[in-house]
Amino acid sequence: MNPERFKNFGIGFGFLLIQVMLFRHLKIMQVQPDLLLIFLVWYMARKDRTAALLMAAGLGFLQDAMLDLWGLNMFSKTLLVFMSYNFIPRGSKKQLLLGQVFLTIAIAALIHNLIFLGLNAALQNYTGELYFWRYLVGSSLYTAFVASFLQLFRTN
């Protein structure tokens, strides 16, 4: 592993630790943002597909290990990177507008949560319809708001 990928993996792991230690306790109406998803969309915009797939699989596996979900996040994040890689804006030297960031993250989070909840429906962990919609829409919007907030304070 080259030093740049190792550094990016460390940044992703930092996002994961912040999510597990801090954002799990900052729930709004029982939903929480997915900081790792924000990192993966940022990583997809800067690296090739293979690197993004490996990063999603590795960090998704670590997220599953920390949250005791064993495979759900890993599969969801890897499939999201595989399906949405060509649709993520990349290579732009100028900073994206706040609305573009919000919409990109919101759509990515909706797709990720549909995959995640579809797997859960197959496993029948979350069978309540209210929880399904709350998680799908609420978590996606919360993740997009956090990404927009991070975009406001980002430096070039």
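To be clear, the structure that these remarks concern was listed above.
This one's a predicted model, so the numbers in the text were calculated from it and none came from an experiment.

Reading guide: rules and limits
- Residues numbered from 1 in each chain as written.
- Predicted model: local features only at pLDDT ≥ 70, side-chain atom pairs only at ≥ 80, totals over all residues.
- Heavy atoms only, no water.
- Salt bridge = Lys/Arg side-chain N within 4 Å of Asp/Glu carboxyl O.
- Helix = DSSP H or I, 4+ residues; strand = E, 2+ residues; numbered from the N terminus.
- Axes fitted to C-alpha atoms, helices over the stretch in contact; angles between N-to-C directions.
- Parallel < 35°, antiparallel > 145°, perpendicular 65-115°, else oblique.
- Left-handed = near helix turned anticlockwise from the far one by under 90°.
- Contact = heavy atoms within 4.5 Å.
- Expected span 1.5 Å × (residues − 1).
- Buried < 20%, exposed > 50% of the residue type's maximum accessible area, 1.4 Å probe, protein only.
- Patch = residues over 30% accessible without salt bridge, like charges linked within 9 Å, V, L, I, M, F, W, Y side chains within 5 Å.
- Areas by Shrake-Rupley, 256 points an atom, 1.4 Å probe, with all protein chains shown as cover.
- Phe/Tyr/Trp six-rings, centres within 6.5 Å; stacked < 30°, edge-to-face > 60°.
- Lys NZ or Arg CZ within 6 Å of the ring centre and 35° of its normal.
- Arc of directions from axis to C-beta.

Visitor: In this structure, what is going on with the pattern of salt bridges? I would like to understand it.
Guide: Pairing is possible between side chains of opposite charge, provided their charged atoms come close. Tallying each qualifying case throughout the model produces three salt bridges. Ionic pairing is found between E4 and K47, a salt bridge with its closest N-O pair at 2.2 Å. In this pair, E4 is assigned in helix α1 (residues 3-21) and K47 in the loop between α2 (35-46) and α3 (49-67), connecting sequence segments 43 residues apart.

Visitor: When you look at the packing of α2 against helix α4 (residues 72-84) in this model, what are you seeing that I'm missing?
Guide: Helix packing for two helices is described by the angle between their axes and how far apart those axes are. α4 packs onto α2 with a crossing angle of 30 degrees between their chain directions and a minimal axis gap of 11 Å. Between α2 and α4, the interaxial angle falls into the category roughly parallel. Considering the relative orientation of α2 and α4, their crossing is right-handed. Mapping the contact onto sequence places L36, L37, L40 and M44 in α2 and K77, L80, V81 and S84 in α4.

Visitor: Please clarify how α3 should be interpreted in this entry.
Guide: Note: α-helices contain 3.6 residues per turn, so residues at a spacing of three or four share the same orientation. With 19 residues, α3 extends 26 Å from end C-alpha to end C-alpha; this agrees with the ideal 27 Å at 1.5 Å per step. Restricting attention to buried positions, one finds in α3 the residues A51, A52, M55, A56, A57, L59, G60, Q63 and D64. Check the buried side of α3 and you find it contacts α1, α2 and α4. Just beyond α3, the residue with positive phi is D68, at close to 60 degrees.

Visitor: Help me understand a nonpolar patch on the surface in this model?
Guide: A cluster of nonpolar side chains, L98, F149, L150, L152 and F153, forms an exposed patch at the surface whose accessible area comes to about 520 Å². It is helix α6 (residues 129-152) that provides the largest number of residues to the nonpolar patch, a total of three residues. Tracing the chain through its elements places L98 in helix α5 (residues 98-123).

Visitor: What is the right way to read the environment of K27 from this model?
Guide: Tracing the chain through its elements places K27 in the loop between α1 and α2. Residue classification places K27 among the partly exposed residues on the basis of a relative accessible area of 44%. With 112 residues separating them in the primary sequence, K27 and S139 have C-alpha atoms 9.5 Å apart.

Visitor: Please clarify how the packing of aromatic side chains should be interpreted in this entry.
Guide: When we look at a pair of aromatic rings, we describe it by the centre distance and by the angle of the planes. This structure, assessed with the given rule, holds six aromatic pairs. When the centroid spacing of 5.0 Å and the interplanar angle of 50 degrees are considered together, the rings of F102 and F145 count as tilted. Pair noted here: F102 is in helix α5 and F145 is in helix α6, with a separation of 43 residues, a long-range link. Assessed through its relative accessible area of 54%, F145 is described here as exposed. Taken together, the aromatic side chains of F15, F39, W42 and Y43 make up a single cluster linked through ring pairs. The ring of F82 is capped by R49, whose NZ or CZ atom sits 5.4 Å from the centre of that ring.

Visitor: Would you take a moment to explain α4 for this structure?
Guide: Taking 1.5 Å per residue, 13 residues should reach 18 Å; α4 reaches 18 Å between its end C-alpha atoms and fits that length. Among the residues making up α4, those that are buried are L72, N73, S76, K77, L80, V81 and S84. One side of α4 carries all its buried residues, which in axial view fall inside an arc of 150 degrees. Buried residues belonging to α4 abut α2, α3 and α5.

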